[in-house]
Amino acid sequence: MFKKDTYLERRAKLRALVGDGLVILFGNNEAPANYPANSYAPMRQDSSFIYYFGQHRDGLVGVIDIDNNTETLFGDDIDVEDIVWMGFTPSVADLAAEVGVAKVAPMKELKVTCNEALRQRRPIHFLPPYRHDTMIQIMDLLGIHPNQQKESASLKLIKAVVAQRSTKEAQEIAALDRACDVGYAMHTTAQILIRPNVTERFVSGQVDGVARSLSQGVGFGTIFSQHGEIMHGSPSDAMLEAGRLVICDAGCELDDYCSDNTRTMPVTGKFDQRQLEIYSIVEACHDYVLDIAKPGVKYADVHFAVCRLMTERLKELGLMKGDTEEAVRAGAHAMFFPHGLGHMMGMDVHDMEGLGQIYVGFDEETRPNLEQFGTNCLRMGRRLQEGFVVTDEPGIYFIPALIDDWHAKGHCKEFINYEKLETYKDFGGIRIEDDLLITKDGCRFLGTKRIPYHPAELEEFMENNKYLTK
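Residues numbered from 1 in each chain as written. Predicted model: local features only at pLDDT ≥ 70, side-chain atom pairs only at ≥ 80, totals over all residues. Heavy atoms only, no water.

Asker: So, the pattern of salt bridges: which residues are in play, and what are the values?
Answerer: Evaluated as defined, the whole model comprises 30 salt bridges. With a closest N to O distance of 3.9 Å, Arg10 and Glu172 form a salt bridge. Of this pair, Arg10 sits in helix H1 (residues 4-18) while Glu172 sits in helix H9 (residues 170-193), placing them 162 residues apart in sequence. As far as the burial class goes, Arg10 and Glu172 line up, both buried. (Salt bridge = Lys/Arg side-chain N within 4 Å of Asp/Glu carboxyl O. Helix = DSSP H or I, 4+ residues; strand = E, 2+ residues; numbered from the N terminus. Buried < 20%, exposed > 50% of the residue type's maximum accessible area, 1.4 Å probe, protein only.)

Asker: Describe the sheet that holds strand E12 (residues 257-258), with residues and values.
Answerer: Read across the sheet, three strands follow the order E8-E11-E12 without closing on themselves; strand pairing throughout is antiparallel. Two strands lie at the open edges of the sheet, namely strand E8 (217-218) and E12, each paired on one side alone. By the bridge criterion, two bridges tie E8 to strand E11 (residues 252-254) in an arrangement that is antiparallel. Within E11, the position partnered with Gly217 by the bridge is Glu253. (Pairing = 2+ DSSP bridges.)

Asker: Before we move on, could you go through the nonpolar core and cite the residues and values that matter?
Answerer: With 132 residues, the main nonpolar core has Leu14 and Ile278 as its most contacted residues. At ten residues, H9 tops the list of elements feeding residues into this core. Every residue in contact with Leu14, bar those within four places of it in the chain, is listed here: Val23, Leu25, Tyr52, Ile64, Leu157, Ala160, Val161 and Gln164. (Core = buried A, V, L, I, M, F, W, Y, C linked by side-chain atoms within 4.5 Å. Contact = heavy atoms within 4.5 Å.)

Asker: Describe the packing of helix H11 (residues 273-292) against helix H12 (residues 299-316), with residues and values.
Answerer: Close contact between H11 and H12 brings their axes to 10 Å; oriented N to C, the two are set at 150°. Regarding the angle of H11 to H12, the classification is roughly antiparallel. When you trace H11 past H12, the crossing you get is right-handed. Contacts between H11 and H12 pair Ile278, Ser280, Ile281, Ala284, Cys285, Tyr288, Val289 and Ile292 from the former with Tyr299, Val302, Ala305, Val306, Leu309, Met310, Arg313 and Leu314 from the latter. (Axes fitted to C-alpha atoms, helices over the stretch in contact; angles between N-to-C directions. Parallel < 35°, antiparallel > 145°, perpendicular 65-115°, else oblique. Left-handed = near helix turned anticlockwise from the far one by under 90°.)

Asker: Talk me through the state of the cysteines; I want residue IDs and the actual numbers.
Answerer: This model, assessed by the stated rule, comprises zero disulfides. A disulfide-free cysteine, Cys258 has its sulfur positioned 7.4 Å from the sulfur of Cys252, the nearest such atom. With no disulfide partner, Cys377 has as its closest neighbouring cysteine sulfur the one in Cys307, 12 Å distant. In this structure Cys377 comes out as partly exposed when scored by relative accessible area, which is 38%. (Disulfide = S-S within 2.5 Å.)

Asker: Kindly report on a negative patch on the surface, identifying the contributing residues and their values.
Answerer: Together, Asp76, Asp77, Asp94 and Glu98 make up a region of like negative charge exposed at the surface. Residue position: Glu98 is located in helix H4 (residues 92-98). Looking at Glu98, the relative accessible area reads 39%, which means it is partly exposed. (Patch = residues over 30% accessible without salt bridge, like charges linked within 9 Å, V, L, I, M, F, W, Y side chains within 5 Å. Areas by Shrake-Rupley, 256 points an atom, 1.4 Å probe, with all protein chains shown as cover. Lys, Arg positive; Asp, Glu negative; His and termini not counted. Charge placed at Lys NZ, Arg CZ, Asp CG, Glu CD.)

Asker: Lay out the sheet that holds strand E13 (residues 261-266) in plain terms, naming residues and giving numbers.
Answerer: Paired through backbone hydrogen bonds, the strands of a sheet run either parallel or antiparallel to each other. Pairing is antiparallel across the open sheet formed by three strands, whose spatial order is E9-E10-E13. Sheet topology places strand E9 (223-225) and E13 at the edges, where each strand pairs with a single neighbour. Strand after strand, the sheet turns through a mean of 10° between neighbouring axes, direction not considered. Pairing analysis gives three bridges linking E9 to strand E10 (residues 245-250), with the strands arranged antiparallel. Each bridged residue has a counterpart across the sheet, and for Ser225 the counterpart in E10 is Ile247. Contacting E9, E10 and E13, H9 runs over the sheet at an angle of about 15° to E13.

The values are spatial; any link to function lies outside them.
In structure tokens:
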């Protein structure tokens, strides 16, 4: 939690941005895993609730009455039976005081507040809900059916929250740096443990253990797989095999802020020539972003600059052909790079994605292209601003089903050498990802330590830090 003034200032700015009405920010509740008393742990509070109200306890709702200039934290104090099992918990009044909220009320009073606002026909602003218990609560309070709540959510509030949370404060940047340092420990642990004849599940479990030991835990489900062509490949019981590549995409959550890195490593610790050729292209694309990402530049333009570089390099290997500009315009590069260059990151690993990607990654000037394969997966396209945090994650993937589909249709045949591409169906995929802070004049990596990724340093690190067993 930050200092009280942080939350006072954030709520004051929110009031000014929204302008009028009643703002309701729902905190999360415990979520049962398989029966009521066995909840997923630890509970994850809603990020926007944390941003404005700072507290992590379940069963809280924050209300900002802009018209009457009041703020109220709604919630019920726990009783002695709960204390027996869970220990002491501060009162709702104490929690409110910590973040500068003057008024508190039991949860049943929230219905009275909403009824009065509805009677007066005042605007009631809420964010798109993503948990079903919150959807039921909104239906009880406002009479809006869950299947209409996304459309009924306040666009004015969404845009206000995006405007505030997109630009990171100095204390947020410090938290992100700390989270990325835990990310370093997670990924170097994987690099130390990777070797033939250990399972994907074993290595990924150790990576997750580092996150749980040094932070609040993983920020998302760890991706760890020798099938790198599967973008979100979950770890399995498969043994790591000599000669193959393995992707590790993992990050932590520390002090409510995330890290998100990806590394691709040879199981034996040494790249073969074909692997090195493809890896070097991804490495060049990753590093190119550091040269061109800066305030005022559209991230969509950075994405397509990377696509042009990738196409040129794939042409050198004989996997692509023809005019580079025409190939990228036609979307031929998406055969190899079917996702966007990156996304916003912060309190959420895909920061604020639940508010609607069209508002987070795009704006009135920069609109998404939902028609073209690959480009339709671009999550971040708007102009960069100082204080933005984005991921830089180019990749090259050889997806057999996609190769067969495009080949059969003759799609982009003037730009893709399908005959040579057939020989790469066993390759897998490569992705390199780091987290970038947009600075006054350019950008920098987040975190004080750099997870090895340049081929020579990666091979040297894996060789010098092998996990030895008796």
